[in-house]
Structures are given as structure tokens and as C-alpha cells.
Amino acid sequence: MASAKDDLYPRKILDYMEGFLVSKTLFAACELGVFEQLHASAQPLSAVELSRALGTSEDATERLLSACVGLELLNTHTDTDGEVRFSNTHMSTVFLIESSPKSLYHSIQYSSRTIYLCWHHLTDAVREGQNQYEKAFGINSKDLFEALYRSDEEIVKFMHLMNSIWNICGHDVIRAFDLSPFRSIFDLGGCSGALAKHCVSVYPESSVTIFDLPKVVKTSRDHFVSQRDDRIHFHEGDFFKDALPPADLYILARILHDWTDQRCVELLRKVYTSCTSGGGVLLVEALLHEDNSGPLTVQLYSLNMLVQTEGRERKGSEYSGLLKAAGFTCVHIHRTGKIYDVILALK
Ligand SMILES: C[S@@+](CC[C@H](N)C(=O)[O-])C[C@H]1O[C@@H](n2cnc3c(N)ncnc32)[C@H](O)[C@@H]1O
């Protein structure tokens, strides 16, 4: 409840108003290579040394580094002669360095260069009830993924973004249910296979086939598959237009949130028909609370779906409704406590 104290100093409103300053500080420091440069250096660096290495203005770099200290992204060390030097905090080393196994580097790059530009038009998106690709990028395409995949470079960037989150959430998602009875698994819209890798590492007896659009499969082969794994295969296709090969389990991770209810049921009906008897479908999505109280991250993600896609984030009961409309009867919901939750529905 609001108190008289809030009337005197509206801390929350100020934080909300200025939240984008924090995001942009993080984006700029990543884009300029601040964290990578400090990681590569054997010792902490001064603002002057960093600005020389990065080719940036000395004064501006000093201000950026100072803001990163305030955000606990950098540590400071003051020499006996009074010179201030900077180093990465543990959090920055683990999550902001591109080569780190838990890196969010590519998510940050995509947030800065694509998502942020769409969010600039959020007000229009709410007025019009549609995504803002045309305004943000001058792309007028009815096909969502044609717009998203407007160049080879964009495909690679999107795929890096998709992979990035499984560095921190992949294991929880795959372990949410015992998937060992399902030996043949299709990951529909499985992108370059980041989740498939977690799947075969937890269930070595299973094989996973990634079913995705031809250009995504080609890009995966060209850029992402470094080591061959006999348990992971690729299958080119359009899950709305082409037949789905039979399988024990279909994984749909962050697929349904891209589409309208009608398209979701259309896809789930195809999955239901192709699924072997006793088989099922595993939905991986960020779930809204049933009473509309949160989580805030997912409420914001739903706006993100508005500015970027045809879809929305949904409650567990809404996904259950879509699954039941497609023929599935037995629906189990598991909340992981992290961003992505899991729903297993059996045929
Ligand atoms: C939001 S991404 C999710 C990727 C992956 N499942 C994950 O969670 O990291 C949606 C995926 O669906 C694929 N996709 C979109 N439309 C498709 C279609 N009609 N047929 C097959 N795949 C499609 C995209 O190429 C992309 O890989």
C-alpha cells in the first residue's frame, strides 16, 4: 500500500523512469569491449589505458567505467599514487565474457541492436496491437520469420541469442520431467540445437532431431555444429506446411509464444496426430501466474512478444486449454523457479 513516505520521495518511479539508462550503460560497455579488454589484461587497467585500447574518448570512458562500478560490473583499485584502475567483478567474468560457458554476451548484443529498437515503438504497438518491425527496421513482411531472418548475419545473431539463455536455464528445463521413456525426440523449431545438447547429455539413450526452416538448418551446419554428435540430427521443414515425422516426444521450446492461439492449436493438432501412442509434447515457455500478479519478467516478455511477434506469453491454464483443444488429455505443469517453465502433455 502507498505510504506518505512514497509521496515525499518516489524512489520506484524514478527507478522505472531511469531503468533504460542502466540497460544502455550495460549495452555500451559490452559493445565497446570493456569487459573483454579487462578480461584479456593480466592486471587492472586505468581509464586512460582502456580508452587507448578501445579507441574511445578518455573522459567519456572514465564516466562509463565509473557507472559500471556503480552497477557492480567493475571493481576499482586505487594505487598509492592515487591512480584508479578497473577490473571485472566475478559476475561480469561469468556472464559478460563471450567465451564463458554461462555467457549472456549474445543476449545483450541482440537486446541492444534489435529488441531495444522495437521497444522504442511500444506505445504504437499498444495502439495498433501489432509488432513494430516495419517502423524499427523498415521491413514490411507478413511472415514473421522472414522479417527476423532478413540477412544471413541476422540469422546468426538470432541463433546466438536463442542459445545464450540455455547456458543458464537448459539443465533445469530438461530435468523438469523424466524424459527417459521417450527415445525418439523431435525439437520443433530447435534452432541450432542448444537445448538438444542438454537433452542428450541428460538422456544419452535418446536421439534428438532438430526440425527447423531450411536456412536455419544450413546456418546451424555452417556456424554452430563444431563436433558431430550421432544422437543429434537435423531435418529441414516448415512445421506449419510440411508433414511432421513420427516421434515419441516433440519439444516446443519458445515456439508457441510467437503465435496466435489459432496457429498454436493448428501446430499442436499436427503434433498430436504425428505423436506415437503413449508419446507426448514438452512445452518450454515462461509462464504467467494464474492470478495475473506476475512474474514481472514474464509480463514484460509478453510486451516483448507484442513488439516483435504475433504471439504472447500465457498462463499454465491457457497452455492447457490449447493442448486440450488439440487432443492432449494429461497435462502436467512444472515451474522451475527460473525464467522458463515446462509443460508435459501426453497423448
Ligand atoms: C523463438 S525461436 C526458439 C528456438 C529454440 N526452440 C529455443 O528455444 O532456443 C523459434 C524457432 O522456430 C523456428 N521456426 C519458426 N517458424 C518455423 C516454421 N514454420 N517451421 C519450422 N521452424 C520454424 C525458428 O527458425 C526458430 O528457430
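Residues numbered from 1 in each chain as written. Predicted model: local features only at pLDDT ≥ 70, side-chain atom pairs only at ≥ 80, totals over all residues. Heavy atoms only, no water.

### Here we look at the layout of surface pockets
Thought 1: Computed from the structure, the second largest pocket encloses a volume of approximately 420 Å³.
Thought 2: Lining the second largest pocket are 19 residues, and of these Gln130, Asn131, Gln132, Tyr133 and Ser141 lie nearest its centre.
Thought 3: At three residues, helix 9 (residues 133-137) tops the list of elements feeding residues into the lining of the second largest pocket.
Thought 4: Partitioned by chemical class, the residues of the lining of the second largest pocket number five nonpolar, eight polar and six charged. (1 Å grid on protein atoms, 1.4 Å probe; cavity = no way out; pocket = protein on both sides within 12 Å on 5 of 7 lines; lining within 4 Å. Points joined across faces, edges and corners; volume = space filled by probe spheres on them. Helix = DSSP H or I, 4+ residues; strand = E, 2+ residues; numbered from the N terminus. Nonpolar A, V, L, I, M, F, W, Y, C, P; charged D, E, K, R; others polar.)

### Quick look at the sheet that holds strand 3 (residues 84-88)
Thought 1: An order of 1-3-2 is seen for the three strands of this open sheet, with the pairing classed as antiparallel. Both outer strands of the open sheet, strand 1 (45-46) and strand 2 (74-78), are each paired with one neighbouring strand and no more.
Thought 2: Sheet analysis places strand 2 next to strand 3, joined by five bridges and oriented antiparallel. Bridge pairing in strand 3 places Thr76 opposite Phe86.
Thought 3: Helix 5 (residues 58-70) rests against strand 2 and strand 3 of the sheet, and its axis sits at about 110 degrees to strand 2. (Pairing = 2+ DSSP bridges. Contact = heavy atoms within 4.5 Å. Axes fitted to C-alpha atoms, helices over the stretch in contact; angles between N-to-C directions.)

### Structural notes on the packing of helix 2 (residues 11-32) against helix 5
Thought 1: Across the interface, helix 2 lies against helix 5 with an axial gap of 10 Å and an inter-helix angle of 120 degrees. With respect to their mutual orientation, helix 2 and helix 5 come out oblique. Helix 5 is crossed by helix 2, and the crossing has left-handed handedness. Side by side, helix 2 and helix 5 meet where Thr25, Ala28, Ala29 and Leu32 of the first sit next to Leu64, Ala67 and Cys68 of the second.
Thought 2: Tallied by class, residues from the contact of helix 2 with helix 5 come to six nonpolar, one polar and no charged. (Parallel < 35°, antiparallel > 145°, perpendicular 65-115°, else oblique. Left-handed = near helix turned anticlockwise from the far one by under 90°.)

### Remarks on the domain arrangement of the protein
Thought 1: Partitioning the protein into domains gives domain 1 (19-100) and domain 2 (169-346).
Thought 2: When each unit is reduced to the centre of its C-alpha atoms, the spacing between domain 1 and domain 2 is 38 Å. (Domains from an automatic or database assignment.)

### Some words on the packing of aromatic side chains
Thought 1: Evaluation of the coordinates by the stated rule reveals twelve aromatic pairs.
Thought 2: Centroid distance Phe27 to Tyr116: 6.2 Å. Interplanar angle 85 degrees. Geometry classified as edge-to-face. With Phe27 in helix 2 and Tyr116 in helix 7 (residues 105-119), this pair connects stretches of sequence that are 89 residues apart.
Thought 3: Residue Phe27 is classed as buried on the basis of its relative accessible area, which comes to 8%.
Thought 4: Residues Trp166 and Tyr340 carry aromatic rings whose centres are separated by 5.4 Å and whose planes lie at 55 degrees to one another, so their mutual orientation is tilted. Note that Trp166 is positioned in helix 11 (residues 152-174) and Tyr340 in the loop between strand 11 (330-334) and strand 12 (341-346), a separation of 174 residues in sequence. Take Trp166 and Tyr340: they sit in the same class, and that class is buried.
Thought 5: Members of the aromatic cluster, joined through ring pairs, are Tyr110, Phe145, Tyr149, Phe158, Phe239, Phe240 and Trp259.
Thought 6: The ring centre of Trp259 lies 5.7 Å from the NZ or CZ of Arg263, which sits over that ring. (Phe/Tyr/Trp six-rings, centres within 6.5 Å; stacked < 30°, edge-to-face > 60°. Buried < 20%, exposed > 50% of the residue type's maximum accessible area, 1.4 Å probe, protein only. Lys NZ or Arg CZ within 6 Å of the ring centre and 35° of its normal.)

### Details of the UniProt feature "active site" (unreviewed entry) in the protein
Thought 1: On the UniProt side, "active site" (unreviewed entry) is annotated at positions that read His257 here.
Thought 2: Residue position: His257 is located in the loop between strand 7 (247-253) and helix 14 (261-274).
Thought 3: If sequence neighbours within four positions are ignored, His257 has contacts with Glu285, Met305, Thr309, Gly311, Arg312, Glu313, Arg314 and Tyr319. (UniProt positions renumbered as here; feature names shortened; annotations may be inferred.)

### As for the sheet that holds strand 4 (residues 184-188)
Thought 1: The seven strands are arranged 6-5-4-7-8-12-11 in an open sheet whose pairing can be described as mixed. At either margin of the open sheet sits one strand with a lone partner, and together these are strand 6 (232-236) and strand 11. With direction set aside, neighbouring strand axes in the sheet form an average angle of 20 degrees.
Thought 2: As paired elements, strand 11 and strand 12 share five bridges and run antiparallel to each other.

### Structural notes on the pattern of salt bridges
Thought 1: For the structure on display, the rule yields 18 salt bridges.
Thought 2: Where Arg335 meets Asp341, a salt bridge forms, and the shortest distance between an N and an O atom there is 3.8 Å.
Thought 3: Its relative accessible area of 38% is what places Arg335 among the partly exposed residues.
Thought 4: Salt bridges here are not isolated pairs; linked through shared partners, they connect Glu49, Asp79, Glu83 and Arg85. (Salt bridge = Lys/Arg side-chain N within 4 Å of Asp/Glu carboxyl O.)

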